[in-house]
Amino acid sequence: MGRVFNKKSMAVFAGLLGIIIIGAFTITSTQSNAAFDGYFGGYEAIKSINLDDNYTASQGFHIHKNEAYYVKIANKGTAKAGKTRIWVYDLKSKTNKVVYNGDTNNVEFELGHANCIYVNCGYMYIATQESNKPSVCRYKIGTNGEKRYLYDREDYTVYSDMANTKISAVTGINFAAELGGFLLKNGNHVYLGNFEGNKFIWTKHFTFNNNITIQTNNSTETINTNDFTKQGMFYKKGKIYMPMVKTNKQNQSIVVVYDISTDTPNNSILQEDSNTFIRITSKEYGKLFEIEDVAYYNGQMYANTNATYTRGGTNDMLIKIKDFTF
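What counts as what
Residues numbered from 1 in each chain as written. Predicted model: local features only at pLDDT ≥ 70, side-chain atom pairs only at ≥ 80, totals over all residues. Heavy atoms only, no water. Helix = DSSP H or I, 4+ residues; strand = E, 2+ residues; numbered from the N terminus. Buried < 20%, exposed > 50% of the residue type's maximum accessible area, 1.4 Å probe, protein only. Areas by Shrake-Rupley, 256 points an atom, 1.4 Å probe, with all protein chains shown as cover. Core = buried A, V, L, I, M, F, W, Y, C linked by side-chain atoms within 4.5 Å. 1 Å grid on protein atoms, 1.4 Å probe; cavity = no way out; pocket = protein on both sides within 12 Å on 5 of 7 lines; lining within 4 Å. Points joined across faces, edges and corners; volume = space filled by probe spheres on them. Nonpolar A, V, L, I, M, F, W, Y, C, P; charged D, E, K, R; others polar. Lys, Arg positive; Asp, Glu negative; His and termini not counted. Salt bridge = Lys/Arg side-chain N within 4 Å of Asp/Glu carboxyl O. Polar contact = N/O pair within 3.5 Å; in protein donor to acceptor, adjacent residues only side chain to side chain. Contact = heavy atoms within 4.5 Å. Pairing = 2+ DSSP bridges. Phe/Tyr/Trp six-rings, centres within 6.5 Å; stacked < 30°, edge-to-face > 60°. Axes fitted to C-alpha atoms, helices over the stretch in contact; angles between N-to-C directions.

Novice: An account of the overall build of the chain is requested, with residue identities and associated values reported.
Specialist: When helices and strands are tallied, the chain shows zero helices and 25 strands. Taking all 326 residues of the chain together, 55% fall into the buried category. When the accessible surface of the chain is summed, it comes to about 13600 Å², and 45% of that surface belongs to carbon and sulfur atoms.

Novice: Just give me the short version of the nonpolar core, but keep the residues and values in it.
Specialist: Note that soluble globular proteins tend to have their nonpolar side chains buried in a common cluster. Residues L183, I240, Y258, I260 and F277 are the most contacted members of the largest nonpolar core, which totals 23 residues. Listing elements by their share of this core, those giving two or more residues are β13 (189–196), β14 (199–208), β15 (211–215), β19 (239–246) and β20 (252–259). Judged by nonpolar contacts, the second largest core, of 21 residues, contains F40, A45, A303 and A307.

Novice: Before we move on, can you summarise the layout of surface pockets with the specific residues and values?
Specialist: Approximately 310 Å³ is the volume attributed to the second largest pocket. Together, 15 residues line the second largest pocket, and Y118, F175, F234, Y235 and K236 are the ones closest to its centre. Put simply, the parts of the chain that give the lining of the second largest pocket at least two residues each are β3 (57–64), β7 (116–119), β11 (172–176) and β18 (234–236). In the lining of the second largest pocket, the residues fall into eight nonpolar, three polar and four charged.

Novice: How would you explain the side chain of K185 if you had to name every residue and give the values?
Specialist: Along the chain, K185 falls in strand β12 (residues 181–186). Among buried charged residues, K185 stands out as having no salt bridge; its nearest opposite-charge side chain is D293, 7.8 Å away. Of note is the side chain of K185, whose polar atom sits 2.7 Å from the side chain of T171. Engagement of the side chain of K185 in a polar contact is seen with the backbone oxygen of Q231, the distance being 2.9 Å.

Novice: Please give an account of the environment of L183 that cites residues and values.
Specialist: Within the secondary structure layout, L183 lies in strand β12. Each C-alpha atom, one on L183 and one on I173, is 5.7 Å from the other, the two residues being 10 residues apart in sequence. The contact partners of L183, leaving out residues within four places of it in the chain, are G172, I173, N174, A176, V190, Y191, L192, M233, Y235, I240 and I260.

Novice: Kindly report on the pairing of strand β8 (residues 123–127), identifying the contributing residues and their values.
Specialist: The side chains of a regular strand alternate, residue by residue, between the two faces of the sheet. Burial within β8 is extensive, with four of its five residues counted as buried. Here β7 runs beside β8; their pairing, made up of four bridges, is antiparallel. Counterpart to V119 in the pairing with β8 is M124. Hairpin connection, β7 to β8: the antiparallel pair is bridged by three residues. Here β8 pairs with strand β9 (residues 136–144) via five bridges, running antiparallel. Residue pairing for β9: M124 is matched across the bridge by Y139.

Novice: Report on the packing of aromatic side chains, specifying residues and quantitative values.
Specialist: For the coordinates displayed, the defined rule picks out 26 aromatic pairs. Considering the side-chain rings of F109 and Y139, the 5.7 Å spacing of their centres and the 85 degrees angle between planes classify their relative orientation as edge-to-face. Taken together, the positions of F109 in the loop between β6 (95–101) and β7 and Y139 in strand β9 put the pair 30 residues apart, joining distant regions of the chain. When its relative accessible area of 1% is taken as the criterion, F109 is described as buried.

Novice: Could you give an account of the sheet that holds strand β23 (residues 288–297), naming the residues involved and the relevant values?
Specialist: Taken in spatial order, the four strands line up as β2-β25-β24-β23 in an open sheet, and their pairing is antiparallel. Each edge of the sheet is formed by a strand with only one pairing partner; in this case those strands are β2 (43–48) and β23. When strand polarity is set aside, the average angle formed by the axes of neighbouring strands in this sheet is 30 degrees.

Novice: So what's going on with the environment of I212? Which residues, and what values?
Specialist: Examined against the element boundaries, I212 turns out to sit in strand β15. For the pair I212 and Y258, spaced 46 residues apart in the sequence, the C-alpha separation amounts to 9.9 Å. With residues up to four places along the chain from it excluded, the contact list for I212 reads E221, T222, I223, T225, V256, Y258, E272 and F277.

The following block contains the structure:
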């Protein structure tokens, strides 16, 4: 959900299952011990994304082709509160660009919490997490020479009931081609459907299993995800990837993987893939290591993070999860 302004310091959470991840400002790798073949706990820092001191909370993130789009917002109580900035980082050329609001010099957007984004060839969809109003917006992506910008905004209302009376604040969005539409998330609820007119019309509803079981090398571990703050959402080949940060130990992030298919009945509880689980507990970023969103690139998992050093000071990053392949 992003860094909270003036967040209180928290005690460093010492190693978990033998995993201690040491973050770095420069491009480097971390060391970790895997509990079993499907357990992943290391990462490589790709790029620091502290680009504007007014925008301190990393939010939505998505990769399309070679380009990693990422959003940062200004927290409440700051000079730019309510404003958002967007950048795009080319993973191939290692270059970074500002994304402008229209074909102008305006670099600021009003996108609510901008908790999750999805990008395809021509559009960017944003889950704004806005309450009691349209909570998904869509922009066309334009270019003018080397300049990248968003224009022609459309807003969509998402209802959590078929009668269209209860407006939902959407916190996650991704397109699931195999399922025939978009997946939208609010809390523990997921909706499958498509955009029609100025609404999102869903045909199936699901909930996430909160008491998940993870296989370790010698036994199993049970985790209640209600102890975690759920972040964005990513979909790939019948799997929903849910990043979360532990509420009372915010240097610990996990990614839980849930199974879904065209045969999953309406109103099902989605079950976890107990053999695919990512957990990073950071010593270097002892105050905060918060994975916001994950994405696919060249067969591997990338993510964006809010990261605050144990000693204080921030180093928000784009990272790559080590040893994980889709």
